[in-house]
Every structure is written in C-alpha cells, then in structure tokens.
Amino acid sequence: AAMVKETIRVYARVKPLGRRQQAGTYSVDDEEDPLSSLEITVPRDLADGFVNNKRESYKFKFQKIFDQEAKQDVVFDSIAKPVAECVLAGYNGTIFAYGQTGSGKTFTITGGAERYSDRGIIPRTLSYIFDQLQKDSSKVYTTHVSYLEIYNECGYDLLDPRHEASRLEDLPKVTIMEDSDQNIHLKNLSLQQATNEEEALNLLFLGDTNRMIAETPMNQASSRSHCIFTIHISSKEPGSATVRRSKLHLVDLAGSERVAKTGVGGHLLTEAKYINLSLHYLEQVIIALAEKNRSHIPYRNSMMTSVLRDSLGGNCMTAMIATLSIDKRNIDESISTCRFAQRVALIKNEAVLNEEIDPRLMIVQLKKEIQDLKDELELVTGKERTSELSQEELLQLDELIETFLKDNDPGTTLDVGADMRKIKYCFIHMKRLMNHPTTSDKKIPSQDISEEEDTKKESGEELEKLKDLLQQRDNEINILVNMLKKEKKKAQDALFQLNATSACSAVLEQPLSINLEDRQSPSSCFSLKEAKDFSSSVHRLPFLSRQTGGKMSLGCQEAFEVFKRDHADSITIEDNKQLLKHRFAEVKCLGEKLNELRSKINHLKGEITQRHIQRAALAVSSPSEELSIFDPVEEKLRMQIEEEKKSYKTMFNRFKGLKVEIEHLQLLMEKGKMKIQKDFEVWWSEEAKNLQEKPEMVTSPNTVTTYPQFNKSLQHLSANSFSETTRVSPNEDPAEKNNSITFSNPTLKARTPPSSSTSIPLTGDSQADADILAFIKARQRILQKKG
Ligand code: ADP
Ligand code: MG
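Residues numbered from 1 in each chain as written. Chains lettered and ligands numbered in written order. Predicted model: local features only at pLDDT ≥ 70, side-chain atom pairs only at ≥ 80, totals over all residues. Heavy atoms only, no water.

The chain appears in an unreviewed UniProt entry as Kinesin-like protein from Oxyruncus cristatus. As its UniProt record puts it under Sequence similarities (unreviewed entry), the chain is described as follows: "Belongs to the TRAFAC class myosin-kinesin ATPase superfamily. Kinesin family." Quoted verbatim from the Subcellular location (unreviewed entry) field of UniProt, the annotation for the chain is "Cytoplasm, Cytoskeleton". (UniProt positions renumbered as here; feature names shortened; annotations may be inferred.)

*Asks:* Looking at this model, I keep getting lost on the pattern of salt bridges. Mind explaining?
*Replies:* Taken as a whole and assessed by the stated rule, the structure comprises 24 salt bridges. For lysine 81, the salt bridge is made with aspartate 77, and the minimal N-O distance between the two is 3.8 Å. Taken together, the positions of lysine 81 and aspartate 77, both in helix H2 (residues 72-88) and four residues apart, correspond to about one turn of that helix. Judged by relative accessible area, aspartate 77 falls into the partly exposed class, the value being 42%. Linked by salt bridges that have partners in common, Asp208, Arg211, Asp252 and Lys671 make up one network. (Salt bridge = Lys/Arg side-chain N within 4 Å of Asp/Glu carboxyl O. Helix = DSSP H or I, 4+ residues; strand = E, 2+ residues; numbered from the N terminus. Buried < 20%, exposed > 50% of the residue type's maximum accessible area, 1.4 Å probe, protein only.)

*Asks:* What am I meant to see in the environment of glutamate 635 here?
*Replies:* By the secondary structure assignment, glutamate 635 is in helix H20 (residues 632-693). Distance from glutamate 635 to isoleucine 608, taken between C-alpha atoms, is 9.1 Å for residues 27 residues apart in sequence.

*Asks:* What exactly am I supposed to notice about the pairing of strand S3 (residues 25-29) here?
*Replies:* Across a regular strand the side chains alternate sides, sitting on one face of the sheet and then on the other. Two elements, S3 and strand S4 (residues 36-41), share five bridges in a ladder whose sense is antiparallel. The residue bridging aspartate 29 from the neighbouring strand is serine 37, located in S4. The turn joining S3 and S4, which pair antiparallel and follow one another in sequence, is formed by six residues. (Pairing = 2+ DSSP bridges.)

*Asks:* When you look at helix H4 (residues 121-135) in this model, what are you seeing that I'm missing?
*Replies:* Count 3.6 residues to each turn of an α-helix, and residues three or four apart come out pointing the same way. Its 15 residues give H4 an end-to-end C-alpha distance of 21 Å, which sits within 8% of 21 Å, the value for a rise of 1.5 Å per residue. Burial in H4 covers these residues: Ile121, Ile122, Pro123, Arg124, Thr125, Leu126, Tyr128, Ile129, Phe130 and Leu133. (Expected span 1.5 Å × (residues − 1).)

*Asks:* Can you walk me through the site of ligand 1 in this structure?
*Replies:* Taken together, Arg13, Lys15, Pro16, Gln100, Thr101, Gly102, Ser103, Gly104, Lys105, Thr106 and Phe107 make up the full set of residues adjacent to ligand 1. Take glycine 102: an N or O atom from its main chain is 2.6 Å from an oxygen atom of ligand 1. In the complex, the protein chains occlude 65% of the 550 Å² of accessible area that ligand 1 would expose alone. The dominant element in the shell around ligand 1, judged by the number of residues it contributes, is helix H3 (residues 105-109), at three residues. Looking at the shell around ligand 1 residue by residue, the classes come out as two nonpolar, six polar and three charged. (Near = heavy atom within 4 Å. Polar contact = N/O pair within 3.5 Å; in protein donor to acceptor, adjacent residues only side chain to side chain. Areas by Shrake-Rupley, 256 points an atom, 1.4 Å probe, with all protein chains shown as cover. Nonpolar A, V, L, I, M, F, W, Y, C, P; charged D, E, K, R; others polar.)

*Asks:* Would you mind showing me how to read the sheet that holds S4 here?
*Replies:* Strand pairing in a sheet relies on backbone hydrogen bonds, with the paired strands running either antiparallel or parallel. The three strands lie next to each other as S3-S4-S5, forming an open sheet whose pairing is antiparallel. Unpaired on one side and paired on the other, S3 and strand S5 (57-62) mark the two borders of the sheet. Strand after strand, the sheet turns through a mean of 15° between neighbouring axes, direction not considered. In the packing of helix H9 (residues 331-344) onto the sheet, the strands contacted are S4 and S5, and the crossing angle to S5 comes to about 40°. (Axes fitted to C-alpha atoms, helices over the stretch in contact; angles between N-to-C directions. Contact = heavy atoms within 4.5 Å.)

*Asks:* When you look at the packing of aromatic side chains in this model, what are you seeing that I'm missing?
*Replies:* If you walk through the whole model with that rule in mind, you get eight aromatic pairs. The interplanar angle of 65° and the centroid separation of 6.0 Å between the aromatic rings of phenylalanine 76 and tyrosine 128 together place this pair among those described as edge-to-face. Taken as a pair, phenylalanine 76 in helix H2 and tyrosine 128 in helix H4 lie far apart in primary sequence, 52 residues in all. Across the pair, tyrosine 128 and phenylalanine 76 agree in class, each one buried. (Phe/Tyr/Trp six-rings, centres within 6.5 Å; stacked < 30°, edge-to-face > 60°.)

Quick look at the structure:
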C-alpha cells in the first residue's frame, strides 16, 4: 500500500493583543528557508525569574508562523487544506491546537462566535470536504462525524441526540477498548452520518452547545478538557470491493498552563508542572517518540494519548498549531508552548493508505464471476439449453439490439450473455432488419399523393388538381410540424437529463421558490420570521430546546430581560441579527434575479423551438430552395443561452454561499442566546445562594431592600435551580441618580468580558431609565401581592 513518511508539521499562531495588554517582545522571521523562526525576548525585569538560565532570548523554528493579523481563511488554506486533501485521498489526518487557556485554540479550531469570517478550521474543512466530494462522481462516498470530549480521563459523547443534557455527567460515557491487534475502539461514541455540509454543521453546533451547557464554573470544562471532532470518510469505486476509509481528527486540547510560574520559588521553567495530567502524559509520549530507539511509547497512560495514538508516531498526517498569547505575563507559558512544539516537530509519522476489501462486495463480485464462468463453460462444452426463450426475454433482446444499433460509439458491443439461443436470435433479428429496413414508422405520404396526382391529371382538371395539391401540402406541413414538435421535446428531455447532473441546471428546470416569509419547514434555512424574532424562545433546533422557559416565574423572566439586555453577547446577537436581515435581503434579491434569468433562458429556448418550426415549415413549402443546415439566428440564440447560463451559475453559487452564511449566522445567534440563558441561570442560582446565606434585611437609602418573604420564595425557586435575586426598595426615589440594582456575582464577572456591566445604574438616558423603573415597579407589585 502507498505510504507517506513525514514529520509532524508544526505551526505557530500569535493571538492579537488586547488593548490593555502590554506586548512582550517577539519577532517573526519569514525569510529563512524552508522554516520560519520566532524569537522571544524576555524583558529584563522578568528574566531574573529564569534562575540558572542566563539566556534572555529564545529562538524557535516553525513550518510557518501566523502573526496577529493572520485571518482564518489563510490559516485554513495553509494548515488544514493539505491535510484535508490527504484525508480525501484515503490517509488519516490530525490537526491539533496546543497552548495555554485564552491563547486561541478554540478560536483556531472551531472559530469565533461573532462573525461569519471568524469560523475556524472545523466548519471550513467540512465545507471544503463536501465541496470536493460533490465534484468527484467517480466514487461513492459516505461521511460520518463524531465529537468526543475528554474531561478527567472520562470520555463524553457530545453528539448525544437526547435533548436535555445539562451536565457533562448526563452525556453518554465513552470508554476505550483495545482489540487483539492493539487497535483502539471507542465504545459508546456515536458516529452520526452527515450527507452534506448543512447536516455536518448542525452536528458541530449540537456538540458545541452540549460542550457549553456541560461547562460549569466548577469543572472549567472548556480549559481542562480535550475536544476531538472527527470526520470519517469512506469511499469506493462503483462495482469495486475495495473500500478506503480515512479519519480526520480536529483536536482542541486542554489549556497547557503549568503551576509553577516564573519566579515563584525560583523554579526552572522545565520543572513547572502541567495543571492537566493528561497533557503531562502527552508530553511523555512526545519525548519518547522524539528519542531514537525507544521501543516503548507510553500511550496507554491516558485516554487522550490512547485516542491520538495513530496521530503521534503512527499512521497519520499530523499538523500541530501552537497558539501563543505573547504578552508580558505569558512569556513563560509561550516559551513552554514553543519548546513543546519543537519536540513535536521531530516526530515522524508513516501514513498508509487505508484500503480494505469489503467482504460483502467481494461476495457479490465473485458470484458474478462464477456465473460468467459457468456460462462460458456451457458454451465451450456445447451443453445446449433447449427450452424456448420466453416472450419477455425476446422483448429484452429486441431492446438490446435496438440500443446497440442506435449507438454511434464504435466501441459498443452487443452483450447478450453466453447463451447460444440468444446469440442465434440476434443474428436472425439482424438479418430481418437488413433485408426489410423498417418502413412502418416512417410512412412517406408523397407516394400516395403522386398516384392520386396521376389520376387527376387524366381528368385534365388543372385547377382542381392544384387546389388539391395545395390542400395536401397543408396537411403535410401540419403533420411534419407535429413530428418536429415531438422530436424537439425528446431532444429537450435528453438535454434535461444531461443537465440534471449539475445542480445548477437542475434548479433551472423548476421554479425557485424563495418565499422567505412562508417557508417554515425544519430543513428550510430561510425563515425570516425567526431571524426577526430574537427574543422569542422558539428554538430552531429541537435539541437546543430547554425547559427553562416554562418554569420561569414572572419576576425571573423580567430579570432575565434586563440581564439579556446588558449581557455583552447581546450586542453581538443584535449585530448578527442586523447582518442576517441584510443577508436575507440579498438572498431575496438574488433569488428574484435567478428567477428572472431562468425565465429569460426559457424564453430563449422557446425562440429556438419557434425557429425550428418556422424553418421546417419553410423547407416543406418550398423544397426547391436550398436551405443550409446552419442557421445563424439559432446559433446566436444558443450563444445567448450559454451566456445567460453562465451568469446563472455564478449567481447560483453566490446564492448557495449566502445560504451557508445565513445558516451559520442563525446557529451563532442560537448559541449566543443559549449562552446568555446559561450565564443567567448560573448568576441567578448564585445570587439565590448568597441571599440564603445572608437572610438579614438590607436597608440603605441607595440600596434596594430584600424582604424575608421574598427570600422564602427564593428558597422555593432555587430548588428548581431558579431563584429571585434582585434587591428592590419599595421607597425607591426614581429621580435619584446613582441608584442601582446590584448584580453582584463574582463568577459572572469572571466569565463575561468587562464591557458587560454587572449593575444597572440610572443613566439619565430616558428610555433606559424608564425600563429600569418599570422593572422596579413591577417587582414591587409582585412583592406586595406576595406579602
Ligand atoms: P483557548 O481556546 O485557547 O482557551 P480561545 O480560542 O477561547 O482560547 O480565545 C480566547 C479569546 O481570544 C476568545 O475571545 C477569542 O475569540 C479570542 N481570540 C483568540 N484568537 C484570536 C484571533 N486570532 N483573532 C481574534 N480573536 C481571537
Ligand atoms: Mg478553548
């Protein structure tokens, strides 16, 4: 089998610095060939921490370095596309991101949650792979995806189709099995079939949503777990029994941060311990692989190294992306990451083409071969079949002969099998055809006419004769025109069959319905209503639905509204909503243009038909006139059609692109909504807990007051993991500024960017203040009722 020997390709990506972060000094040198180098200079004040290590500057080699400005499409093109191509060719592939928390692993592998252009390697790879599969009609492809999260040595299936997983522990547990050939199998990890990009993307988002929901501030799953999204492709040529199977792992590793920071206790950097134990085992595996002549590689020490065994020192094309966040605070982590990368770069993999024989297909093939051989044997031994051929068999033979005769390809053979009776029949049939060419379908009426003509001539009535002749010609023309129409239709049908292979032309034949407001089928991506109505909790995907909506109390719902409005992500959602509106408008406009083009093309086709009829009529009515077969008018029409088809195709491709973008945006928004709801739940129950711990009444002119009876309802609600939180004063003076409803949750602060205000001050903005006051008043009313 074909084999490719190659070291693991190692890339670096530097995350853009935040506004307030101070830059550490580093420089990138792209000029060196064939590798680029990254030099990190440790600032003097930090360098003291590197005891025993006098160096102040470190240089690392990478296949390529993506500096802060590098965009996602460039990263995809250079890193992921070559691996995806190998996977399409039947080799295994792995791309993994390694780096400290916050350095951009998830951004690189999955993508940012805000912009369509921020989508990462996974969605881009899916798009690329499905595009390529569609183009290649020489093979039959099947694609599946799986999504595994490993946290604390336990595997979880993120593509669990059950709806209401709210903790990691609710997801199906995945375990490792090793067969007698020491191959790893993952038990309980579901492989979901994805026949197109849309289905695969929906699965990715399902997994990401499960990943998000399963995360709590306690388990910090996102920084401490590894996530492996795998695309499984199998392909075979039609009729062949050989199947190629390949896998592409896209891996978002746990944060690589270590406990001992520079300067703390004067540790050397290399002694700093991973927070994540499985990354420690990963490093051991990599050290072992990089050492020459090491026979034992400790893959089995952790689940993650077991799963990635083939990707490291095995049958796989592997690429690593070291993500770096090189600000001053993170210099030591960045250096560790680069050091790790340098070791990985030494590892050699041997990727082999994963071909195997499918026994079921082999049986089918062998059976056919046996039948062929039996037939041949019977022919050679002269053992004759004596029974008569059935009527059905004869008809089949007639058909075979007819297609054979019609086929212009000189290479075509007439294959009736090794049956003497059939072969004989064919010769007889051919002979019949040779001696009596078919006359039945093409009656030539002019013979009858000329006979009639003679009789009329005898009568000598010239005028009558001419009149009759004219009548005859008229009839002829009618008959011929009808025939032409039928032929034309046949030709068009054939043309349609031809076109049907390209999606674009197939659409051409049926009206495009782009009725944005009405289409509501689940597979439809164009429900504008949904895009408009962000605040409604109608979920696009059934698996995203959570039961919280039904349980929410009125007060809780109000708090949620305020929370939602002030959540940093709601700006993103609003932005995306606006963008989505624009895209819808574009799609609608494009759709209209496509419809116009379609009718234009159909109109041109109609003109050609018309032209045919006219010319046929002309040919019949004045047969003497030589009409050239070439018709410049028709030629021009055909060229016009070609032109229109071309612009149709370009437009259709844009239309398709927009469709994908709209779907992506909708999923991003859905995810944003889920995130807000989740943050709210966390905040809400935290608040409830805080209030239960301090049940005393809080009174102050500037602070809102909590009532004991309110706390009771809190306890009750928090049992459902929901609780009332906001402190409200009944004596609130609405005119007084600086009053605030305090959202005092430390975890929330840590989890949301600083722009998300955690308190609602009265701002002086009349609309905002009116909202807040309405909120407070509503709360008072509820309290009074309860009291
Ligand atoms: P990790 O997964 O390594 O913990 P993330 O991918 O979550 O890190 O990145 C942390 C933050 O930085 C996120 O808000 C992300 O959007 C942002 N970020 C990371 N890399 C980039 C980049 N190349 N361009 C813009 N933003 C980025
Ligand atoms: Mg991450």
